Every structure is written in structure tokens, then in C-alpha cells.
Amino acid sequence: MITRQGKRALGDEVARLRQELELEFPRRLKEARAFGGSDNNDDYLQIKEEEAVVVARLGQLETVLGSAKVVDEAPAPDGRISIGSIVELEDLASGRTSEHVLTGAHERLATTDVSANSPIGHALMGHTVGEEVTVELPSARTVHLKVRAVR
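Residues numbered from 1 in each chain as written. Predicted model: local features only at pLDDT ≥ 70, side-chain atom pairs only at ≥ 80, totals over all residues. Heavy atoms only, no water.

Novice: Hey, could you run me through the pattern of salt bridges in this one?
Specialist: In a structure, side chains of opposite charge can pair up when their charged atoms sit close to one another. Taken as a whole, this structure holds ten salt bridges when the rule is applied. Note that R16 is salt-bridged to E13, the shortest N-O span being 4.0 Å. With R16 and E13 both in helix α1 (residues 4-33) and three residues apart, the pair spans about one turn of that helix. For E13, a relative accessible area of 7% translates into the label buried. Ionic pairing is found between E13 and R57, a salt bridge with its closest N-O pair at 3.0 Å. With E13 in helix α1 and R57 in helix α2 (residues 42-67), the pair connects residues that are 44 residues apart, well separated along the chain. A cluster of three or more residues bridged by salt bridges with shared partners is formed by E13, R16, E20 and R57. (Salt bridge = Lys/Arg side-chain N within 4 Å of Asp/Glu carboxyl O. Helix = DSSP H or I, 4+ residues; strand = E, 2+ residues; numbered from the N terminus. Buried < 20%, exposed > 50% of the residue type's maximum accessible area, 1.4 Å probe, protein only.)

Novice: Quick question: what am I supposed to make of the pairing of strand β2 (residues 97-103) here?
Specialist: Residues in a regular strand point their side chains to alternate faces of the sheet. Where strand β1 (residues 86-91) meets β2, five bridges bridge the pair, whose relative direction is antiparallel. For V87, the partnering residue across the bridge sits in β2 and is H100. Counting the residues in the hairpin turn of β1 and β2 gives five residues, including G95, whose phi is positive at 85 degrees. Relative to strand β3 (residues 114-115), β2 runs parallel, the two being bridged by two bridges. Opposite T103, over in β3, you have S115 as the bridge partner. (Pairing = 2+ DSSP bridges.)

Novice: Just checking my understanding: could you explain α1 for this structure?
Specialist: For an α-helix the count is 3.6 residues per turn, leaving residues at separations of three or four pointing the same way. In this model, α1 (30 residues) spans 42 Å end to end at C-alpha, consistent with the 44 Å of a helix rising 1.5 Å per residue. A maximum bend of about 40 degrees is found in α1 at E20. Residues of α1 that are buried: G6, L10, E13, V14, L17, E20, L21, F25, R28, L29 and A32. (Expected span 1.5 Å × (residues − 1). Bend = angle between axes of the 7 residues up to and from the residue.)

Novice: Please clarify how the packing of α1 against α2 should be interpreted in this entry.
Specialist: Geometrically, a packed helix pair is captured by the angle between its two axes and the distance between the axes. At their nearest, the axes of α1 and α2 sit 10 Å apart, and the two run at 160 degrees to each other. Classified by the angle between their axes, α1 and α2 sit roughly antiparallel to one another. As α1 packs across α2, the resulting crossing turns out to be left-handed. In the contact of α1 with α2, the residues fall into 15 nonpolar, one polar and twelve charged. (Axes fitted to C-alpha atoms, helices over the stretch in contact; angles between N-to-C directions. Parallel < 35°, antiparallel > 145°, perpendicular 65-115°, else oblique. Left-handed = near helix turned anticlockwise from the far one by under 90°. Nonpolar A, V, L, I, M, F, W, Y, C, P; charged D, E, K, R; others polar.)

Novice: Would you mind going over the nonpolar core with me for this structure?
Specialist: Side chains of a nonpolar character, in soluble globular proteins, are inclined to be buried together. Judged by nonpolar contacts, the single largest core of 17 residues is most densely connected at I81, L89, L124, V135 and V147. Per-element accounting of this core gives the leading share, four residues, to strand β5 (residues 142-150). Non-local contacts of V135, meaning those with residues more than four positions away in its chain, are made with P119, I120, A123, R141, T142, V143 and L145. Listed in part, the 15 residues of the second largest apolar core include A32, I47, V54 and V64. (Core = buried A, V, L, I, M, F, W, Y, C linked by side-chain atoms within 4.5 Å. Contact = heavy atoms within 4.5 Å.)

Novice: Is there a simple way to think about the sheet that holds β1 in this case?
Specialist: The five strands lie next to each other as β3-β2-β1-β5-β4, forming an open sheet whose pairing is mixed. Every interior strand has two partners, whereas the edge strands, β3 and β4 (132-136), have only one. Relative to β5, β1 runs antiparallel, the two sharing five bridges. The residue of β5 that forms the bridge with L89 is V147.

Novice: In this structure, what is going on with the side chain of E107? I would like to understand it.
Specialist: If you trace the backbone, E107 turns up in the loop between β2 and β3. Despite its burial, E107 pairs with no opposite charge; the closest candidate is R8, at 9.3 Å N-O. A polar contact of 2.9 Å, which involves the side chain of E107, links it to the backbone nitrogen of G104. (Lys, Arg positive; Asp, Glu negative; His and termini not counted. Polar contact = N/O pair within 3.5 Å; in protein donor to acceptor, adjacent residues only side chain to side chain.)

Printed below as a string of C-alpha cells:
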């Protein structure tokens, strides 16, 4: 599952990577070949390795986009937390509040975003304002959170 914004961002990355493969890599490889054969040319070999990484990333993104289900970013009618929700949380141990956007697993995260596949994101899914959530983090630390708002 992915938000419209996330799908757009991945689509932009696909376009950028395709342009690199079509324009930038051929130019860079041509320049590197001018300094000798490809077998003994470290610059050429490095560029080919970079190209392979870009091809792999492009394939991954195309697979994700091909199977992605765009979810409605509007809050669920019953106020339950879902992908695209903006959630205000209170850490019950410290009393601090924070605001997070719940994103799909393949979306790039801003500093305050929480992936739905993360322990916190997974635990929040389906909860509503006023509910408390206990989350076991990978560090073996447990956090107790209270949902203060869902938008």
C-alpha cells in the first residue's frame, strides 16, 4: 500500500533513474573509455558497477509501482489510523507529544514519518483517539503511547 504522494515520488525517481541510464551513463562510459581499455580501467569498472546498482534499483521500483495499491489518504470514516493518517501521539512515560505521518512501506520517510511496517506503525494501525498502544521496539525497549489526535 502506498499514498498518492508516495507513488508520485517513486515515479519521479524512476524517471530520474531512466534518464541517468539513457544519458549520463553512456556519456560517462565513453569518457572513461578514452583513458584505456575497459578491463584495466578503474574508472570504467566503477561506472559499470554504479550502472548495475541503478538498474537494480530501477527494477525494484518498477516492481513496487506495478503492484502498489494507492490508498485514500483521507482519515477512515470511523477515525481509525491508516496509511496517510497524521497522528499525534503522547509518550506516556515522558509526557512528550509528537506528530507523525503514517506512510506505506516503500515510501521515502521524512524525519517525523512512521512506516506502517515499522513496529510503531504496525501497532498504531486501526487504533483511534484516546486508545493506548504498547510497542516492543527492536532494541527490546517497550514504549507506551496514547493516540491524542488522528487527521
